[in-house]
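Each chain, letter by letter, is given below.
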Amino acid sequence: MNDANSEALTLIKAHFNTLEIGSSLEFDSIFSTADVREYARENNIDWPGHYVEQNGQSLVVPGMIFFRPAVGFGLGEPNPPLARAGFFTRTSRTFMQPIRVNEAVHFRGQITDKYLRRGYYYIVVDWTATGVDGVVAVTGREWHTLGWARYPKNHPKGG
Amino acid sequence: MPDIANLIGLEISRGPIQGTSAVGGSDLATNNRPVVPNIFHFAQMTELLVGQFQHNWFTSGQLSIRYLRPLQQGEELLIRAKVISYDDDNAERVNLSVWCENMNGELLATGDASCNWAL
């Protein structure tokens, strides 16, 4: 392994070891008009387009709520920089009611699994997004790596 | 929308869409070229499905995806979906196969979706 990869793996492993299955986090978030517009522009999404209710209320683009829960457990600050830039390997989502622009959303995430596989450190997070009325709007499960560094295939942990 | 009785085999698609989503200051790269985060694939798939199912998607949509390979910045992807069956317990709910591919026909992500066609 080169030095950069080794250094990254050391930090990722240390962070991975601090994460416990069953641990959870909760936070509130608001998707502003500016947030959604910028996301839509970056991702070539036609917004507001289909994302308007009959009463004219704009809705948050589903793909936008994808990332936030994972940030808390591995991909965002204050976690080690080299552990942040992981990648998602699987995603599951169930939508039950819309999330509206400029309304508070309560996120709750819980680590349901973590493992080392094919050289990468992974965590699995289940989460819910609840609207201001107290009704669950979206549930999801994410599988993602911690960081991009991996053990080489010829390493005992790389297979 | 087509008649609910005739949906099996219905194919919908979106694209090609150029992958230019911001990487966020990470070291996401393969072959010395920056790659587009997988959340871009998810965003494009949901855009396709919202376009088809409209408001029903927000109240009854379900999507599970497995990411297979990254899209490199500047590459284009196509998003496709095909209705494969009706739900066993709800004749108004359809199941779809969903996938996206690059312009070489390489599969980037694949998954399953379902949604109520009419409430």
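Quantities reported herein were computed from a predicted structural model and do not represent experimental measurements.

1. What about the overall build of chain B?
From N to C terminus, chain B includes 2 helices and 8 strands. Going from the N terminus to the C terminus, chain B shows its helices and strands as β-β-β-α-α-β-β-β-β-β. The burial tally for chain B puts 42% of its 119 residues in the buried class. Within chain B, counting contacts between residues at least 6 apart in sequence, those at least 24 apart form 64% of the total.

2. Quick word on the interface of chain B and chain A
Counting residues at the interface gives 26 residues for chain B and 25 residues for chain A. Mapped onto the side of chain B that touches chain A, the elements with two or more residues apiece are α1 (39-53), α2 (55-60) and β4 (62-67) of chain B. The element best represented in the side of chain B that touches chain A is α1(B), accounting for 8 residues. By residue class, the composition of the side of chain B that touches chain A is 13 nonpolar, 10 polar and 3 charged.

3. Description of unusual backbone geometry
Note: most residues except glycine have negative phi, and most peptide bonds are trans. Cis geometry marks the peptide bond from A:Trp47 to A:Pro48, where omega comes out at 10°. Structurally, A:Pro48 is set in the loop between α2 (33-42) and α3 (68-75). Of note, the amide linkage connecting B:Gly15 to B:Pro16 takes the cis form, showing an omega dihedral of 5°. We note that A:Asn44 has phi near 60°; this positive angle belongs to a residue other than glycine. Positive phi outside glycine occurs at A:Arg118, with the angle close to 50°. Classification of A:Arg118 as exposed rests on a count of 12 C-beta atoms within 10 Å.

4. With respect to the nonpolar core
Nonpolar side chains tend toward joint burial in soluble globular proteins. Counting residues in each nonpolar core, the largest one holds 68 residues, and the members touching the most others are A:Val36, A:Val60, A:Val61, A:Ile99, B:Met45 and B:Leu49. No other element matches the 9 residues that α1(B) contributes to this core. The contacts of B:Leu49, once residues within four sequence positions are left out, are B:Trp57, B:Gly61, B:Leu63, B:Ala81, B:Ala113 and B:Cys115.

5. Things to note about the sheet that holds strand β2 (residues 88-95) of chain A
As summarised here, the arrangement of the 10 strands in space is β1(A)-β3(A)-β4(A)-β5(A)-β2(A)-β4(B)-β8(B)-β7(B)-β6(B)-β1(B), forming an open sheet in which the pairing is antiparallel. One side of each edge strand has no neighbouring strand; the edge strands of this open sheet are β1 (24-30) of chain A together with β1 (11-18) of chain B. Between one strand and the next, the sheet's axes are offset by a mean angle of 15°, whatever the strand orientation. Across 9 bridges, the pairing between strand β4 (residues 120-130) of chain A and strand β5 (residues 136-145) of chain A is antiparallel. Opposite A:Val125, over in β5(A), you have A:Glu142 as the bridge partner. Contacts from α1(B) reach β2 of chain A together with β1, β4, β6 (76-86), β7 (93-102) and β8 (107-116) of chain B, with the element oriented near 150° to β4(B).

6. Thoughts on the pairing of β8(B)
All names here are of chain B. Of the pairings in the sheet, the one linking β4 to β8 comprises 6 bridges and is antiparallel in character. Bridging across to β8, Leu63 finds its partner in Ala113. Where β7 meets β8, 9 bridges bridge the pair, whose relative direction is antiparallel. Residue pairing across strands places Asn95 opposite Ser114, the latter belonging to β8.

7. Some details on the confidence of the model for chain B
The predicted coordinates should not be examined in detail at positions where pLDDT is low. Residues and elements named next belong to chain B. The predicted model of chain B has a mean per-residue pLDDT of 86, with 83% of residues at 70 or higher. Across chain B, the element-wise mean pLDDT spans from 46 in strand β2 (residues 29-30) up to 97 in β8. Segment residues 24-31 is flagged for pLDDT under 50; beyond a separation of four residues in sequence, or across chains, it makes 15 contacts in the model.

8. Some remarks on the pairing of β2(A)
Sheet topology note: the β2(A)/β5(A) ladder contains 7 bridges and is antiparallel. Within β5(A), the residue paired with A:Thr94 across the bridge is A:Thr139. As defined by bridge partners, β2(A) adjoins β4(B) across 5 bridges and the pair is classed as antiparallel. Residue pairing for β4(B): A:Thr94 is matched across the bridge by B:Gln62.

9. Overview of α2(A)
All names here are of chain A. Every buried residue of α2 is accounted for by Val36, Tyr39 and Ala40. End-on view of α2: buried residues confined to an arc of 100°, all on one side of the axis. Looking at α2, the residues exposed on the side facing more than 90 degrees away from the buried face are Ala34 and Arg41. Looking at the residues trailing α2, positive phi occurs at Asn44, about 60°.

Reading the values: the criteria
- Residues numbered from 1 in each chain as written.
- Chains lettered and ligands numbered in written order.
- Predicted model: local features only at pLDDT ≥ 70, side-chain atom pairs only at ≥ 80, totals over all residues.
- Helix = DSSP H or I, 4+ residues; strand = E, 2+ residues; numbered from the N terminus.
- Buried ≥ 20, exposed ≤ 12 C-beta atoms within 10 Å, placed from the backbone.
- Contact = placed C-beta atoms within 7 Å.
- Nonpolar A, V, L, I, M, F, W, Y, C, P; charged D, E, K, R; others polar.
- Core = buried A, V, L, I, M, F, W, Y, C linked by C-beta atoms within 7 Å.
- Pairing = 2+ DSSP bridges.
- Axes fitted to C-alpha atoms, helices over the stretch in contact; angles between N-to-C directions.
- pLDDT = per-residue confidence, 0-100.
- Arc of directions from axis to C-beta.

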